[in-house]
Amino acid sequence: MAKVDVIMPQMGESIAEGTLTKWMKEVGAAVERDEDLFEISTDKVDADIPSPASGVLAEILVEEGDTVEVNTIVARIETETGAAAATAEEPPAPAAEITEAAASEIAEAPAPAAESPAIGEPEAPAMESPIGDSAAGGETVEAAAASHEEGTAPGSREERLRTRSTPLVRKIAAEHGVDIARIEGSGIAGRVTRNDILTFIDEGGIQPGGAAPGAADIPATAAPPTPAPGVPSTAAAPAGPPGVLHLPIHGATLEVKLPRVPIRENDRVEDMNRVRLRTMEHMLMSQHVSAHVTSVTEIDFERVVKLRRKFKPKFEAEGVKLTYGPFIMRAIVEGLKAYPILNASVDGTRIVYHGDINLGIAVAIDDGRELIVPVLKNADRLSLMGLAEGANALAEKARTRTLDFDDIQGGTFTITNVGVFGNLFGTPIINQPQVAILGTGVIEKRPVVVRDDLGGDALGIRNMSYFGLSYDHRVVDGAMAAFFLNKVQEVLETFPEDVV
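Here the structure is a predicted model, which means the values were calculated and not measured. (Residues numbered from 1 in each chain as written. Predicted model: local features only at pLDDT ≥ 70, side-chain atom pairs only at ≥ 80, totals over all residues. Heavy atoms only, no water.)

Asker: Could you give me a rundown of the overall build of the protein chain, with the residues and numbers involved?
Answerer: Looking only at helices and strands, the protein chain has 9 helices and 21 strands in total. Classification of the 500 residues of the protein chain by burial places 50% in the buried group. Once local pairs closer than 6 in sequence are excluded, the contacts in the protein chain between residues at least 24 apart make up 69%. Summing over all exposed atoms, the protein chain offers an accessible surface of approximately 22400 Å²; the carbon and sulfur share of this is 51%. (Helix = DSSP H or I, 4+ residues; strand = E, 2+ residues; numbered from the N terminus. Buried < 20%, exposed > 50% of the residue type's maximum accessible area, 1.4 Å probe, protein only. Contact = heavy atoms within 4.5 Å. Areas by Shrake-Rupley, 256 points an atom, 1.4 Å probe, with all protein chains shown as cover.)

Asker: Kindly report on the packing of helix H7 (residues 325–338) against helix H8 (residues 384–399), identifying the contributing residues and their values.
Answerer: Two numbers describe how H7 lies on H8: the axes approach to 9 Å, and their chain directions differ by 115°. Relative to H8, H7 is oriented so that their crossing is right-handed. The residues of H8 that touch H7, namely those facing Pro326, Phe327, Met329 and Arg330, are Leu384, Leu387, Ala388 and Ala391. A breakdown of the residues in the contact of H7 with H8 according to their chemical character gives 7 nonpolar, no polar and 1 charged. (Axes fitted to C-alpha atoms, helices over the stretch in contact; angles between N-to-C directions. Left-handed = near helix turned anticlockwise from the far one by under 90°. Nonpolar A, V, L, I, M, F, W, Y, C, P; charged D, E, K, R; others polar.)

Asker: Which residues make up the nonpolar core, and what are the values?
Answerer: Burial of nonpolar side chains together is a common tendency in soluble globular proteins. Counting 56 residues, the largest nonpolar core has Phe301, Ile332, Leu359, Phe413, Leu469, Phe484 and Leu492 as the members making the most contacts within it. For this core, the element with the highest residue contribution is H8, accounting for 8 residues. Counting residues in each nonpolar core, the second largest holds 17 residues, with Val6, Leu37, Ile49 and Val68 among its members. (Core = buried A, V, L, I, M, F, W, Y, C linked by side-chain atoms within 4.5 Å.)

Asker: Residues and numbers for the packing of aromatic side chains, please.
Answerer: Counting across every chain of the model gives 7 aromatic pairs. Seen in terms of ring centroids, Phe413 and Phe484 are 5.8 Å apart; in terms of plane orientation they differ by 50°. Their pairing is tilted. One end of the pair, Phe413, is in strand S18 (residues 413–417); the other, Phe484, is in helix H9 (residues 478–493), and 71 residues separate them in sequence. For the pair Phe413 and Phe484, one class covers both residues: buried. (Phe/Tyr/Trp six-rings, centres within 6.5 Å; stacked < 30°, edge-to-face > 60°.)

Asker: Can you explain the confidence of the model for the protein chain? Please cite residues and give values.
Answerer: For any part of a model where pLDDT is low, the fine detail of the predicted coordinates should not be relied upon. On average, residues of the protein chain score 74 in pLDDT, and 66% of them reach the 70 mark or higher. Within the protein chain, helix H1 (residues 80–89) has the poorest average pLDDT of any element, 43, and H9 the best, 97. Confidence drops under a pLDDT of 50 for residues 207–241, and excluding neighbours within four residues, the segment shows 69 contacts in the predicted structure. (pLDDT = per-residue confidence, 0-100.)

Asker: Describe the pairing of strand S8 (residues 73–79), with residues and values.
Answerer: By the bridge criterion, 5 bridges tie strand S1 (residues 3–7) to S8 in an arrangement that is antiparallel. If you follow Val6 over to S8, its bridge partner there is Ala75. Across 5 bridges, strand S6 (residues 55–60) lies against S8 in antiparallel orientation. Each residue of the ladder has a partner; that of Gly55, found in S8, is Thr79. (Pairing = 2+ DSSP bridges.)

Asker: Lay out the pattern of salt bridges with the relevant residues and their values.
Answerer: Under the defined criterion, the tally for this structure stands at 20 salt bridges. In this structure, Glu334 engages Lys337 in a salt bridge whose closest nitrogen and oxygen atoms are separated by 3.9 Å. Taken together, the residues span about one helical turn, with Glu334 and Lys337 both in helix H7 at a distance of 3 residues. Under the relative-accessibility criterion, Lys337 is labelled partly exposed at 46%. A salt bridge links Asp407 to Lys397, with the nearest nitrogen and oxygen atoms 2.7 Å apart. Here the residue Asp407 occupies a position in the loop between H8 and S18, and Lys397 occupies one in helix H8, the gap between them amounting to 10 residues. For Lys397, a relative accessible area of 23% translates into the label partly exposed. Among the charged side chains, a salt-bridge network with shared partners connects Lys3, Asp5, Glu59 and Arg76. (Salt bridge = Lys/Arg side-chain N within 4 Å of Asp/Glu carboxyl O.)

Asker: I'd love a proper account of the pairing of S18, names of residues and values included.
Answerer: Most of S18 sits inside the fold, with 5 of its 5 residues counted as buried. Burial along S18 is two-sided: Phe413, Ile415 and Asn417 facing one way and Thr414 and Thr416 facing the other are all buried. The pairing of strand S14 (residues 359–361) with S18 spans 3 bridges and is parallel. Within the sheet, the bridge partner assigned to Ile361 lies in S18 and is Ile415. Across 4 bridges, S18 lies against strand S19 (residues 436–440) in parallel orientation. Its bridge partner lying in S19, Ile415 is registered against Leu438.

Asker: I'd love a proper account of the sheet that holds S1, names of residues and values included.
Answerer: The sheet built from 4 strands is open, its strands ordered S1-S8-S6-S3 with antiparallel pairing. Each of the sheet's edge strands pairs with one partner strand only, and the pair in question is S1 and strand S3 (30–31).

Asker: Outline the environment of Glu63, listing residues and values.
Answerer: Topologically, Glu63 is positioned in the loop between S6 and strand S7 (67–69). For the pair Glu63 and Thr19, spaced 44 residues apart in sequence, the C-alpha to C-alpha distance is 9.6 Å.

Asker: Can you break down the side chain of Ser465 residue by residue, with the values?
Answerer: Structurally, the position occupied by Ser465 is in strand S21 (residues 457–472). Side-chain polar atoms of Ser465 contact the backbone oxygen of Gly441, separated by 2.9 Å. Separated by 3.4 Å, the side chain of Ser465 and the backbone oxygen of Val442 make a polar contact. (Polar contact = N/O pair within 3.5 Å; in protein donor to acceptor, adjacent residues only side chain to side chain.)

Asker: How would you explain the packing of H7 against H9 if you had to name every residue and give the values?
Answerer: Close contact between H7 and H9 brings their axes to 8 Å; oriented N to C, the two are set at 135°. Taken together, the axis directions place H7 and H9 in an arrangement best described as oblique. Seen from above, H7 lies across H9 with right-handed handedness. On H9, the residues touching Phe327, Ile328, Ala331, Ile332, Glu334, Gly335, Leu336 and Ala338 of H7 are Phe484, Lys487, Val488, Val491 and Leu492. (Parallel < 35°, antiparallel > 145°, perpendicular 65-115°, else oblique.)

Asker: With reference to specific residues and values, describe helix H6 (residues 302–317).
Answerer: The end-to-end C-alpha separation of H6 is 24 Å, in line with the 22 Å expected for 16 residues at 1.5 Å each. Its maximal kink placed at Phe311, H6 deviates by approximately 45°, while the proline Pro313 follows within four residues. Every buried residue of H6 is accounted for by Glu302, Val304, Val305, Leu307, Arg308, Phe311, Lys312 and Phe315. Check the buried side of H6 and you find it contacts strand S11 (292–300), H7, H8, S21 and H9. Count one or two residues on from H6 and you reach Gly319, which has phi positive near 80°. (Expected span 1.5 Å × (residues − 1). Bend = angle between axes of the 7 residues up to and from the residue.)

Written as structure tokens, this is what we have:
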């Protein structure tokens, strides 16, 4: 009797846990492969999760309203052969109540931004592409979320829903000493949303003392913590001193010893919350798996600046904002077509060349406190207008938290923008299992040597930018990375007007 495990999917590279919103099938019900099986709801994504196989839903292992880590087995499906035998032996189980609960996710924004870089349109030629901070290696990240103190689980689904809300809500509650159970939730089945708790706080609903229950103790040698805005509260952090980190790599476990440091009188100590631990694991894993190398090139954006200025009215007449992002994406697509090794992944000792070009483009939301990386699928099949429309639509869905599960999956190459924060260039960490990530720097006017009308050298003012490409030296050599960057540079500096 064959059984297939159904797991809690990862709703983005840094998302570590999730909560079932609704089961769409009952135990004993037949299910087809790719048929919607259960729902997940998060602050950013509401998703229908498809069945991984055809058969009969034999077991449901995760109770409604429970939050579990990604890759946890939530159910089992008997394949058609096994399911037929099971059906003959025992009748189907009674219909299960369809329930709703909230999904939880964690992530942390590495840097603030005034608005989403995908949509913002400053008049100065600053980088406007939908590209995010390189420090996260292209990860999906959100404001640091506090782990709610685990005690006796509430008995009803509604109580579980309210007290287990999202980590972002729990983080805010921990910082302000708010009991979530006191808040009337407006989310699914009464879930307390971010807006609910912020409104509650604005209306003066903070508990006396302002300390969240279960706050972690601080060593006697450390000063009491006073969390600054955006800094995780110690109540959000799992207890435990520095020790040993175990990273799963290539089917084995790598033991990484974490250093200890002396704590002095004026130091403030706080444990890492789960998002920082997950980020640490993800980044260390990527650095241990891939042989990171970064190459940097300088690109003259003068032609793109002029083309954008010329065609902005045309795009605006179609209701589309034209930023520098679509030009950059078009150049990257041409580079990946010419050098497909950059649009690949490593599977053991095999190289998987992806047939589609799916660009992960980071979008800052919630005033830069959160970051998510939606994926623009089949970018090689889109015109410049299509790239602009697609990127803008994904950014809007990110800001309104209406991204689908498919919107954040399947990236083959990641773009991350340090230029939106005014940085010249970055050396981003590769977003596994991809083999390359491009960090784009700020576009700014600089004095450069140019050719005059007589073919001589002259000093001119040009809009310039640095692009940094981090790549996996296991499969991408320096020459191939240079060829790719040269192709991207060539496309941007000689961008054909008829493409626009």
